Amino acid sequence: MRRRRFSLFVYHFFIVGIKNWFDGMRRGIIRSYLLELMKKCIYLMEDAVLNNQLLLLELSTLKKKFDFEFRKDWESFIKKCNKDMSKANQLNIGNHTRPFLVYLGVTTNCNFSNSNIIKESAQLAVSIEAIHKASVIIDDIIDGDLLRRGEKCMHYEFGEYETIFFAVCMLSLGIQNANDILSLKGIKTLHTTTINFLCDTIYSMCHGAIMEISADIQNQTNLEYIQKVINSETIKLIENSLYIGFLYSGIINEQAGTILRDIGKKCGYIFQVMNDLEAFCNPQHILKYKGNMNSDFLRSRKNIILPYLYNSCNKIDKKRLLELLGGDELSFFKAKSLFDKYKIKEKILNDINDIYSSLFINLAKLSPLISNQQWVDVFEMYLKNTKSKYQAILQV
């Protein structure tokens, strides 16, 4: 009996010992595996961070090279319009978003660092910037703004009538500039198509401006109507900036062009909506930027906030909101309290985030259709960098 108990004890000790040994080994293997996996994850994260830093550096370098060429061409261009008025502060400020989009459009099928491509893109981009600046200085006259990016508006320096005619000069010489550049290419279809797109951009923006100025309160609170205005103005210019550059690249893939135009439309919409949010999320930024709180929201101009807010309000608050329109700075801050009450910022940002995410789906589809295989990575970084700048301004 004792021998049997001893045998069972030895057996139990031996079996349990082996089991514990295997368990220890297994735990050790799992531990080693997990440690190795963590190391790989850290390496991958470090590689991703490094890759992002390199892309950001490349994007910054490309932007500087392009801006250097563009500024020279732009200075020469505005002097042709009028030498004295070319000194206006408003003509020489800005981040040149639209001209850079022309360059990005060209480089879908061309090398980023090709100096000739940078120069030609800059020359063509002058025509796009001429359309943009003309629209901005006329818009400032209509709105009675004093400042643009903290600098005196052009009409405040040189007078309203003179500024209007200068804008007309920019539009006409902008078309002439594109015509001269495209003539050197010697491709008739490219020439005709690009000039038509430039003319279509001017027409669309004017049509949108008429819709905006003539809109009654029913239209101003109608989301679909305001989106049509945005599509005619902001979106059309950004979409065509990218697409005209793409046409100039010379390798035309219809499917790629369609995707690129959709990317331009989405970027334009996001740009306008973020711009409309600025006054409600960071009033001090608008005060510094324009010199007053004369928000589009109060001026019966296109503003995506109004239809979002109006359609979220209850019956009493809808009435209050309509009474505030066209009011003073105090009216704006009362409207802002409604904006906060109905969490409009969160609603709009949710919609924008969906559009932003869809851009990366567009880019994945575009990648196999273009020649420059670095382009998608660089454009993704451009989107992320732009988003982070807006988040800082909107304080989100």
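Look up a bit, the structure's there.
Here we summarise the structure given alongside this text. Numbering of residues starts from 1 in every chain and runs along the sequence as written. The predicted origin of the model limits local features to residues at a pLDDT of at least 70 and limits the giving and counting of side-chain atom pairs to 80 or more, whereas totals for whole chains, interfaces and linings rest on all residues. Remark: hydrogens and water are excluded; side-chain values derive from all non-hydrogen atoms of the structure.

Unusually for a residue other than glycine, His96 sits at a positive phi of about 55 degrees. Runs of E in the DSSP output that reach at least two residues are strands. Runs of H or I that reach at least four are helices, and both are numbered from the N terminus. Mapped onto the elements, His96 comes out in the loop between α1 (2-81) and α2 (97-106). Think of it in three bands: with a 1.4 Å probe and only protein chains considered, a residue is buried below 20% of the maximum accessible area for its type, exposed above 50%, and partly exposed in between. By relative accessible area, His96 is classed as buried at 5%. The phi dihedral of Lys343 is positive, around 50 degrees, even though this residue is not glycine. Here Lys343 shows up in the loop between α13 (329-341) and α14 (344-366).

So, about α14. In this model, α14 (23 residues) spans 33 Å end to end at C-alpha, consistent with the 33 Å of a helix rising 1.5 Å per residue. Turning to α14, its buried residues number three or more, namely Ile344, Ile348, Leu349, Ile352, Tyr356, Ser358, Leu359, Asn362, Leu363 and Leu366. Contact criterion: two residues are considered in contact whenever any of their non-hydrogen atoms come within 4.5 Å of each other. Residues of α14 that are buried make contact with α9 (254-281), α11 (305-312), α13 and α15 (375-394). Given a helix with a known number of residues, its expected span is that number minus one, times 1.5 Å.

Its place among the elements puts Glu58 in helix α1. A relative accessible area of 24% places Glu58 in the partly exposed class. For the pair Glu58 and Ser113, spaced 55 residues apart in the sequence, the C-alpha separation amounts to 10.0 Å. In contact with Glu58, not counting residues within four places along its chain, are Phe112, Gln374 and Val378.

We now examine the packing of α2 against helix α8 (residues 223-248). Lines fitted to the C-alpha atoms define the axes, with helices restricted to the stretch that makes contact. Angles between their N-to-C directions range from 0 to 180 degrees. Relative orientation of the contacting elements α2 and α8 amounts to 35 degrees, with a least axis distance of 6 Å. In this structure, the crossing between α2 and α8 has a hand that is right-handed. Here α2 contributes Arg98, Leu101, Val102, Leu104, Gly105 and Val106 to the contact with α8, which in turn contributes Leu237, Ile238, Ser241, Leu242, Gly245, Phe246 and Tyr248. Side-chain classes follow a simple rule in which Ala, Val, Leu, Ile, Met, Phe, Trp, Tyr, Cys and Pro form the nonpolar group, Asp, Glu, Lys and Arg form the charged group, and the remainder, Gly included, forms the polar group. When grouped by side-chain class, the residues that make up the contact of α2 with α8 number 9 nonpolar, 3 polar and 1 charged. Whether a crossing is left-handed or right-handed is set by the direction in which the near helix is turned from the far one by less than a right angle, anticlockwise for left-handed and clockwise for right-handed.

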